[in-house]
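# Architecture at a glance
Now for the letters of each chain:
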Amino acid sequence: MPEPRTFTGGCHCGLVRYECTTDLAMVTNCNCSICTKKGLHLAFVEPQKFRLAAGEESLKEYRFNRHVIAHQMCSDCGVESFAYGQKPDGTKVVAVHVSTFDGIDLATVTMTPFDGKKL
């Protein structure tokens with residue numbers, strides 16, 4: 001099992017910066033409409049393992065469908081680095097877009113398919 005490590009990351013222009021701790025044991029490759037169009041690959045972390053380091057004032061929020069996921073994107077470059085949401089049982093999570101991790105090579109990350117089209 002992979003060991004947890006702390007990653008830094010952020011949007012393209014650098015206004016939004018964060019750090020999070022995850023083992024990348026499960027990174028979803030979802031086929032819902034927004035994940036498909038944005039190319040999102042998400043790792044879900046507990047809120048206490050995520051810290052927004054910069055750019056709160058630069059975030060724009062987008063919600064769709066059931067409005068339970070608060071997608072956060074940079075108002076300057078438009079990149080979505082993370083989203084606030086909750087699991088089906090109500091537990092709060094932060095969905096972090098793994099492609100926005102500094103220095104990540106997606107070819108080394110195991111993706112778990114998720115059929116979001118059926119939700």
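Preceding block: the structure.
As a starting point, this report considers the structure included with it. (Residues numbered from 1 in each chain as written. Predicted model: local features only at pLDDT ≥ 70, side-chain atom pairs only at ≥ 80, totals over all residues. Heavy atoms only, no water.)

Turning to the sheet that holds strand β1 (residues 5–10), a few remarks are in order. If you walk across this open sheet you meet the three strands as β1-β2-β5, and the pairing is antiparallel. Lying at the two open borders of the sheet, with one neighbouring strand each, are β1 and β5 (50–54). Put simply, the sheet's adjacent strands are angled 20° from each other on average, direction ignored. For strand β2 (residues 17–22) and β5, the ladder comprises four bridges, and the chain directions are antiparallel. Of the residues in β5, the one forming a bridge with C20 is F50. (Pairing = 2+ DSSP bridges. Helix = DSSP H or I, 4+ residues; strand = E, 2+ residues; numbered from the N terminus. Axes fitted to C-alpha atoms, helices over the stretch in contact; angles between N-to-C directions.)

We now examine the side chain of T28. One can find T28 in strand β3 (residues 27–30). When near neighbours in sequence (up to four residues on either side) are disregarded, T28 contacts L40, H41, L42, F44, T112 and F114. (Contact = heavy atoms within 4.5 Å.)

A word on the packing of aromatic side chains. Using the criterion set out here, one finds six aromatic pairs in the structure. An angle of 10° between the planes, with centres 6.0 Å apart, marks the rings of Y62 and F64 as stacked. (Phe/Tyr/Trp six-rings, centres within 6.5 Å; stacked < 30°, edge-to-face > 60°.)

By size, the foremost hydrophobic cluster in this structure holds 18 residues, and its most contacted members are C20, L24, F50, V96 and F101. Counting only elements with at least two residues in this core, the list comes to β2, β4 (42–45) and β9 (92–97). In contact with F50, other than residues within four places in its own chain, are Y18, E19, C20, V45, F82, Y84, V94 and V96. Formed by eight residues, the second largest nonpolar core is a distinct cluster that contains C32, I34, L40 and A95. (Core = buried A, V, L, I, M, F, W, Y, C linked by side-chain atoms within 4.5 Å. Buried < 20%, exposed > 50% of the residue type's maximum accessible area, 1.4 Å probe, protein only.)

The subject of this paragraph is the pattern of salt bridges. Counting across every chain of the model gives five salt bridges. Close ionic contact of E19 with R51 constitutes a salt bridge, the shortest N to O distance being 3.6 Å. Residue E19 is located in strand β2, and its partner R51 is located in strand β5; the two are separated by 32 residues in the primary sequence. Judged by relative accessible area, E19 falls into the partly exposed class, the value being 29%. (Salt bridge = Lys/Arg side-chain N within 4 Å of Asp/Glu carboxyl O.)

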